[in-house]
Amino acid sequence: MAGQTDLNSGSVSGNSSRDDVRTHFTTREGVYKLIPLAEYSRANRLSGYTTIQNQQGAALGQGSNPPVRVTFVSLPSDPAGFCDRICFNYGRELYFYTYKGTKKPADLSKPVDKRIYKGTSPTCHDINKLTISSESVMLLVGFTGGQIQLVDPIRKEIGKLYNEERIIEKTKVTCIKWLPGSPNLFLVSHVSGQMYLYSEDVTCGGPVPPTYQLFKQGAGFSVWTCKAKSTRNPIYRWVIGNGAINDFAFSPCSKYLAIVSQDGCLRVLNYDAMELVGLSTSFFGGLLCVCWSPDGQLVVAGGEDDLVTVWSFQQKRIVARGQGHRSWITVVAFDPFTTLYSSQNSSSKSSKEGADTVSSNGIGGCEDDLETNSADIATCYRLGSIAMDTQLCLWELTDDVLKQPYGSRSRASMVSGPGSPPTSLKFAGQTPTSGDRNSSNILTVAPINATIATSIVSNSTAATPVNTAGSLTQRLASLTFSERKAGQDLDLKSHRKNFSLGSGKNSSEKSTANSSAFKSTSSAPSSSSVQSQSLVTGCADPLRLIGTQACPRLDEIPMLEPLVCKKVSHERLTALIFREDCLITACQDGIVCTWARPMGPSPHHTSNSTPTNEGTMV
């Protein structure tokens with residue numbers, strides 16, 4: 001009867017199966033299973049609580065709840081034998097629980113610490129790994145009003161409050177992180193597109209707003225210091241791009257900083273030298289999330305173009321894009337425990353050993369260390385992404401995909417099913433012709449001291465400028481990856497409505513602050529010099545970058561399909577963390593889920609050669 005029901009229901013059955021929330025999914029290493037007992041959320045969770053809080057926030061002019069973020073920390077010891085702690089925010093609440101893993105049920109009635117805030121909501125948080133002890137944890141919390149709080153959830157103490165009077169910054173905190181290797185310095189980004197470096201043991205200087213003086217400026221960014229007789233917070237103020245800073249991440253070697261903004265730009269900076277070493281753009285819309293590979297050789301970003309963008313640190317260009325999501329991508333993260341490392345001595349290492357080697361040697365993106373550590377090479381990366389479409393996608397990035405030359409028209413097909421793009425977007429492999437790609441300007445970036453040197457390479461005597469109007473229209477039309485019904489036109493309209501590249505008061509202020517950096521070096525710019533200027537000014541005109549290495553067309557780089565693409569939640573997903581024995585997801589409803597990994601060793605751990613792609617290259 002069940003079979004007859006499925007057959008008679010026709011397309012209805014197909015749609016319902018796509019909308020069903022999965023409790024397990026299968027990869028090459030085995031089956032990942034949802035552990036209901038290991039689910040963490042607010043105690044006494046009420047049905048419809050998210051809707052009620054969103055309505056209350058809208059009535060106060062604060063909009064919907066901030067995304068739910070998750071932070072883990074492991075204490076040196078614990079009397080009960082559970083050393084892991086989990087922290088997550090939901091609405092105006094902040095929870096700190098003992099995490100018992102996949103074997104023991106979560107006890108939601110006894111949080112280590114619980115805080116409820118009035119008039120503001122926590123948006124992000126981070127724990128200092130250098131100063132943790134069994135009796136103390138330094139937890140930083142950013143808020144919608146721009147304030148920053150330092151708390152100790154174990155001692156239940158409130159340390160310090162930074163930007164309390166909002167004289168330094170009035171916009172929402174989007175990301176906050178302790179500087180790697182520092183016990184007291186932390187970096188905070190805001191919706192205004194500005195980033196501040198604070199010192200935990202320095203005051204903010206009282207009720208007087210800080211006065212800044214220019215310290216350094218570069219391509220699309222400037223750095224300012226406080227002009228004061230004594231040291232005060234903030235130590236440095238960064239003004240970056242033309243839109244909100246949505247996320248940033250330090251490389252594994254702690255030397256480089258990747259930043260994604262609402263202007264659609266991914267910027268990779270040498271943090272200590274304050275120099276721009278690489279730049280790329282989304283296909284359209286803002287970029288919302290960013291992460292580094294465990295060895296620091298790749299930077300992956302996701303955003304409003306529904307694409308996963310893979311940028312190579314060595315090649316300083318986008319080497320691949322992945323399409324599988326049907327809405328904005330909120331988090332991207334590498335899985336270091338299933339990343340395969342090969343050795344020149346033909347002795348394979350487990351992914352965990354490889355991750356530890358990378359961490360101890362500090363390779364991550366540090367070009368000087370690449371030659372000395374060339375014996376350990378990542379041959380297959382596992383990447384995860386989540387989006388507002390409530391789907392979890394897992395990707396595999398192999399050498400045969402990442403090392404393809406620019407302009408190759410190929411597609412790495414990992415899986416075929418719900419969430420996969422239509423076959424009309426699959427490109428047959430062919431060699432680029434002079435009329436296809438080589439006639440377009442190719443733009444390369446390389447750091448030279450504190451400036452960016454741009455060179456435009458053309459194989460024809462008269463390079464044709466990029467047809468931005470026609471190209472953008474065609475790309476916007478082709479980026480509707482999944483079949484949409486007539487009833488979904490409103491969603492598509494609201495989706496495209498957010499293709500803003502930074503406007504309003506904040507953008508004008510930042511343009512003024514960076515005016516000296518945005519000046520053209522040519523008195524009569526041609527089409528080539530305008531395109532070069534767009535890169536130097538940090539995406540001043542992103543449309544002109546389409547078709548260059550900073551933003552290649554979809555037919556000029558490999559297109560990836562996900563290895564796994566499953567619906568794992570009813571609400572939009574906001575957090576994704578890979579742990580050794582499980583992976584963690586969280587949704588906007590404040591539910592943190594644990595997915596147990598397959599039992600036994602992973603095939604990625606035992607292979608002593610580069611894994612083959614089970615999909616096809618066409």
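Named according to an unreviewed UniProt entry, the protein is WD repeat-containing protein 20 originating from Daphnia magna.

Caption draft 1: Quick look at the sheet that holds strand β2 (residues 30-34). Strands sit in the order β1-β2-β36-β35-β34 across an open sheet of five strands; the sheet is antiparallel. The open sheet has two edge strands with one neighbour each: β1 (24-27) and β34 (573-578). When the angles between neighbouring strand axes are averaged without regard to direction, this sheet yields 20°. Taken together, the two bridges between β2 and strand β36 (residues 592-596) define a ladder with antiparallel strand orientation. Residue pairing for β36: K33 is matched across the bridge by A596.

Caption draft 2: Layout of the sheet that holds strand β6 (residues 113-116). Read across the sheet, four strands follow the order β3-β4-β5-β6 without closing on themselves; strand pairing throughout is antiparallel. Each edge of the open sheet is held by one strand with a lone partner, namely β3 (70-74) and β6. Geometrically, the sheet is characterised by an average inter-axis angle of 15° between neighbouring strands, direction not taken into account. As defined by bridge partners, strand β5 (residues 93-98) adjoins β6 across four bridges and the pair is classed as antiparallel. Opposite E93, over in β6, you have I116 as the bridge partner.

Caption draft 3: Spatial organisation of the state of the cysteines. Under the definition given, this model contains zero disulfides. No disulfide involves C587; its sulfur sits 6.4 Å from the nearest other cysteine sulfur, which is in C593. Judged by its relative accessible area of 13%, C593 falls in the buried class.

Caption draft 4: Structural view of the side chain of D126. With respect to the helices and strands, D126 occurs in strand β7 (residues 122-127). One buried charged side chain, D126, makes no salt bridge at all; its nearest oppositely charged neighbour is K129, positioned 4.2 Å away. A polar side-chain atom of D126 sits 2.9 Å from the main-chain amide nitrogen of W178. When residues no more than four places from it in sequence are discounted, the contact partners of D126 are T71, M138, L139, L140, I176, K177 and W178.

Caption draft 5: Quick peek at the packing of aromatic side chains. Summed over the entire model, instances satisfying the criterion amount to 22 aromatic pairs. For the ring pair Y162 and F186, a centre distance of 5.4 Å and an interplane angle of 65° mean the geometry is edge-to-face. Of this pair, Y162 sits in strand β10 (residues 157-162) while F186 sits in strand β12 (residues 185-190); the two residues are 24 residues apart in sequence, bridging distant segments of the chain. Chaining the aromatic ring pairs together yields one cluster made of Y40, F72, F88, Y95, Y97 and Y99. Between the NZ or CZ atom of K316 and the centre of the ring of F313, over which it lies, the distance is 4.2 Å. Sitting above the plane of the F72 ring, R579 keeps its charged end 4.4 Å from the centroid.

Caption draft 6: Structural view of the pairing of β36. With five of its five residues buried, β36 lies for the most part within the structure. Neither face of β36 is exposed, since V592, T594 and A596 on one face and C593 and W595 on the opposite face are all buried. Judged from the five bridges that link them, strand β35 (residues 582-587) and β36 form a sheet pairing that is antiparallel. Each residue of the ladder has a partner; that of C582, found in β36, is A596. Remark: four residues form the turn of the hairpin made by β35 and β36, two consecutive strands paired antiparallel; G590 in that turn has positive phi of roughly 80°.

Criteria and thresholds
- Residues numbered from 1 in each chain as written.
- Predicted model: local features only at pLDDT ≥ 70, side-chain atom pairs only at ≥ 80, totals over all residues.
- Heavy atoms only, no water.
- Pairing = 2+ DSSP bridges.
- Helix = DSSP H or I, 4+ residues; strand = E, 2+ residues; numbered from the N terminus.
- Axes fitted to C-alpha atoms, helices over the stretch in contact; angles between N-to-C directions.
- Disulfide = S-S within 2.5 Å.
- Buried < 20%, exposed > 50% of the residue type's maximum accessible area, 1.4 Å probe, protein only.
- Lys, Arg positive; Asp, Glu negative; His and termini not counted.
- Salt bridge = Lys/Arg side-chain N within 4 Å of Asp/Glu carboxyl O.
- Polar contact = N/O pair within 3.5 Å; in protein donor to acceptor, adjacent residues only side chain to side chain.
- Contact = heavy atoms within 4.5 Å.
- Phe/Tyr/Trp six-rings, centres within 6.5 Å; stacked < 30°, edge-to-face > 60°.
- Lys NZ or Arg CZ within 6 Å of the ring centre and 35° of its normal.

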